[in-house]
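Report on the structure
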Amino acid sequence: MIAGVKSVFPEAQIGHDYFHTSQLLNRGLLKELIQLQKKIFNTPIHEFRKIRKNSIEAEKTDILPIYHPKLPIHICAWDVYKKIFQMGNNQTCSAFLFEWNKLKSDKNILKWSRTKTWIESFENSLPRCGLTAKNYQKFWKKLCQGWRRMIREDRITFEDQKKEFTKAKYVILKNPNNMNKFDRKELRKYLKIFPNLREIREAVRKFHYQFKAQSQYRPNLNFLQELVKKDSHQKLKAAIHTLINQQEYIFACRSILAQHPSLKKGKSIRSNREELNHLVNNVVRTQFGFRSIPSARVRIEGILNCPVLISKKLLS
């Protein structure tokens with residue numbers, strides 16, 4: 001039941017438009033970064049779990065499932081497993097040993113980055129007597145387990161990178177004007193880890209500059225169109241389309257101030273920022289000083305540091 005007072009002065013409206021336009025762009029970019037995170041990290045992690053599950057199922061049923069991975073890293077790892085699985089069908093130790101030596105000299109399996117590590121770890125675990133008729137099946141199982149250990153390490157690498165990306169996407173979207181020394185250090189770190197985010201960061205920096213630049217500079221948001229790709233998130237496309245089409249109205253206050261410079265010195269009541277609205281909501285929840293309408297008005301005036309009007313029609 002509290003009616004906020006919105007300023008009619010242009011300088012207050014500049015801050016109001018800046019907040020809402022930056023919020024619109026950030027929402028679109030955040031959706032784009034979440035989509036990128038799913039593509040780069042979530043999908044590979046899910047596939048690693050899937051090929052592990054298929055390998056365990058194959059060893060239980062003695063039947064290799066029909067499975068066709070899509071990403072190169074999974075294709076290479078699965079091709080290696082198929083060769084290991086076929087080795088388990090050998091009835092004699094000599095046949096198994098022949099297939100093992102053949103596998104080690106196969107150049108195709110070297111496409112998987114973990115192949116050399118996997119072979120070395122297996123050979124280091126062999127007993128002095130080598131493979132025999134009694135132990136070769138046991139070591140075939142160790143081959144399978146070692147392979148799963150390698151893909152687990154690959155999966156953990158992706159999971160660690162995903163955690164870093166989750167932190168990076170919020171640093172990338174930060175307003176340059178609000179960043180402290182620690183934020184800039186974090187930004188440099190994440191841009192070094194994820195250089196593919198440089199384009200987005202540059203667009204964010206340039207966007208905020210449009211509102212910070214001097215009055216003689218003519219602001220333009222057309223550069224945001226470069227962020228839109230064929231597979232970009234729909235919310236990013238919509239946000240950028242809106243900002244570019246409405247930029248004349250977004251920056252209209254600048255032309256008014258240029259025509260009427262005296263307004264720059266005028267006092268105005270600013271629009272409430274989001275953190276103030278959040279503070280008011282928290283105070284309302286606890287209800288300290290909100291037992292009566294007059295005390296509520298005084299309390300909110302103190303929080304917002306501005307006059308508050310209460311409509312009698314709303315109270316009736």
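Quick look at the structure, then.

Thresholds applied
- Residues numbered from 1 in each chain as written.
- Predicted model: local features only at pLDDT ≥ 70, side-chain atom pairs only at ≥ 80, totals over all residues.
- Heavy atoms only, no water.
- Salt bridge = Lys/Arg side-chain N within 4 Å of Asp/Glu carboxyl O.
- Helix = DSSP H or I, 4+ residues; strand = E, 2+ residues; numbered from the N terminus.
- Buried < 20%, exposed > 50% of the residue type's maximum accessible area, 1.4 Å probe, protein only.
- Core = buried A, V, L, I, M, F, W, Y, C linked by side-chain atoms within 4.5 Å.
- Contact = heavy atoms within 4.5 Å.
- Phe/Tyr/Trp six-rings, centres within 6.5 Å; stacked < 30°, edge-to-face > 60°.

**Considering the pattern of salt bridges**
Scanning all chains against the criterion turns up 11 salt bridges. Note that Glu159 and Arg49 form a salt bridge whose closest N and O atoms lie 3.0 Å from each other. In this pair, Glu159 is assigned in helix H5 (residues 136-172) and Arg49 in helix H1 (residues 10-61), connecting sequence segments 110 residues apart. By relative accessible area, Arg49 is classed as partly exposed at 47%. In this structure, the salt-bridge partner of Glu59 is Arg148, at a minimum N-O distance of 2.7 Å. Of this pair, Glu59 sits in helix H1 while Arg148 sits in helix H5, placing them 89 residues apart in sequence. Ionic contacts of the salt-bridge type, sharing partners, join the residues Arg49, Arg155 and Glu159 into one network.

**Let's talk about the nonpolar core**
Ranked by internal contacts, the top residues of the largest apolar core, which has 63 residues, are Trp118, Trp147 and Leu224. Only H1, helix H2 (72-87), helix H3 (93-104), helix H4 (115-124), H5, helix H6 (181-193), helix H7 (198-212) and helix H8 (234-245) provide two or more residues apiece to this core. Of the residues forming this core, the biggest block, 13 residues, is contributed by H5. If near-sequence neighbours (up to four positions away) are discounted, Leu224 is found in contact with Leu25, Ala203, Phe207, Ile240 and Leu243.

**With respect to the packing of aromatic side chains**
Within the structure shown, the criterion is met by 13 aromatic pairs. Taking the centre distance of 5.2 Å and the plane angle of 90° together, the rings of Tyr67 and Trp78 count as edge-to-face. Remark: Trp78 occurs in helix H2 and Tyr67 occurs in the loop between H1 and H2; sequence separation between them is 11 residues. Given the relative accessible area of 10%, Tyr67 is considered buried. Judged by relative accessible area, Trp78 falls into the buried class, the value being 1%. Between Phe165 and Phe194 the ring centres are 5.2 Å apart and the planes differ by 85°, which places this aromatic pair in the edge-to-face class.

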